[in-house]
Amino acid sequence: MTTRELSPLDRVLSEAQRALDTVFGAPGAERPNPAGNTAELVLEPGERRHSAGLMRINHVGEVCAQALYCGQAAVARDESTRGHLLEAAQEETDHLAWCADRLRELDSRPSLLNPLWYAGSFAIGALAGLRGDGWNLGFVVETERQVEAHIDEHLQSLPEADQRSRAILRTMKADEARHAEKAEAAGARILPMPVPALMAAASKLMKAVAYRV
């Protein structure tokens, strides 16, 4: 049997379908939800709103991660780099599904600006990928390190009773650390300043908006 090579149009349609599934669909997780049988304790209304705001930020982060990695993979020059990016994207799909599940449990919703977050992140990922695979992987490392840092902030900020959100975030943090380590081992280059600072500033803006909208 032979495998048909995808045409440029095929690739465009595939990426468009992936974007629609991420933003408007209900992606399924390949792994069980880390919250599992963790008890759902009673949260005060203010605590519930705060947990929902934090999990909405994390959901947006996973939308952005999907877009970033897919944008980078679309222009990756080396097949092993492309495979690394798509593998990381698949695990981010698990995170996306888990965060969506938790938002529903908290009687809340994803960000209304998810189409904008996806489009912007895909463009940034493609631009990063055009610099070459070393820079491509360096972008992965910096992205994952910054995500780890904001998950740490959320673990400290979550209401003590919200153990289900906490279980999800702990697994996500471990996955992000592994993605960064694999990218470093694959030859990631250290991003020059001011790129990390600009990424952190954009992340800060995203978090402030996504918490509410």
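Refer to the preceding data block for the structure.
As a starting point, this report considers the structure included with it. All values reported here derive from a predicted model rather than from experimental measurement.

Description of the overall build of the protein chain
Alright, step 1. Helix and strand counts for the protein chain come out as 7 helices and 0 strands.
Alright, step 2. Helices and strands appear in the protein chain in the N-to-C order α-α-α-α-α-α-α.
Alright, step 3. Its C-alpha radius of gyration of 17 Å places the protein chain within 12% of the 17 Å reference for a compact globule of 213 residues.
Alright, step 4. When each of the 213 residues of the protein chain is scored for burial, the buried share is 47%.
Alright, step 5. Relative to all contacts within the protein chain whose residues are 6 or more apart in sequence, the contacts with residues 24 or more apart total 87%.

Remarks on the state of the cysteines
Alright, step 1. Scanning the model with the defined rule gives 0 disulfides in all.
Alright, step 2. Its sulfur unpaired, Cys64 is 12 Å from the next cysteine sulfur, which belongs to Cys99.

Considerations on the pattern of salt bridges
Alright, step 1. The final tally for this structure, using the stated rule, is 15 salt bridges.
Alright, step 2. In this structure, Asp94 engages Arg31 in a salt bridge whose closest nitrogen and oxygen atoms are separated by 2.7 Å. Of this pair, Asp94 sits in helix α3 (residues 79–105) while Arg31 sits in the loop between α1 (8–24) and α2 (45–75); the two residues are 63 residues apart in sequence, bridging distant segments of the chain.
Alright, step 3. A relative accessible area of 28% places Arg31 in the partly exposed class.

The rules behind these values
- Counting from 1, residues in each chain are numbered in the order their sequence is written.
- Residue-level local features of this predicted model are given only where pLDDT is at least 70; pairs of side-chain atoms are given and counted only at 80 or more, and the full residue set underlies all totals for whole chains, interfaces and linings.
- Working from all heavy atoms in the structure, the side-chain values ignore hydrogens and water.
- Working definition: helices are DSSP H or I runs of at least four residues, strands are E runs of at least two. Numbering for both runs from the N terminus.
- All radius of gyration figures rest on C-alpha atoms, and the globule criterion is 2.2 Å times the number of residues raised to 0.38.
- Relative accessibility thresholds used throughout: buried, under 20% of the residue-type maximum; exposed, over 50%; partly exposed, between the two (1.4 Å probe, protein chains only).
- Contacts are residue-level and defined by heavy atoms, with any inter-residue pair within 4.5 Å sufficient.
- We call a pair of cysteine sulfur atoms a disulfide whenever their separation is within 2.5 Å.
- Any carboxyl oxygen of Asp or Glu that lies within 4 Å of a side-chain nitrogen of Lys or Arg is treated as forming a salt bridge with it.

By themselves, these figures tell us nothing about what the structure is for.
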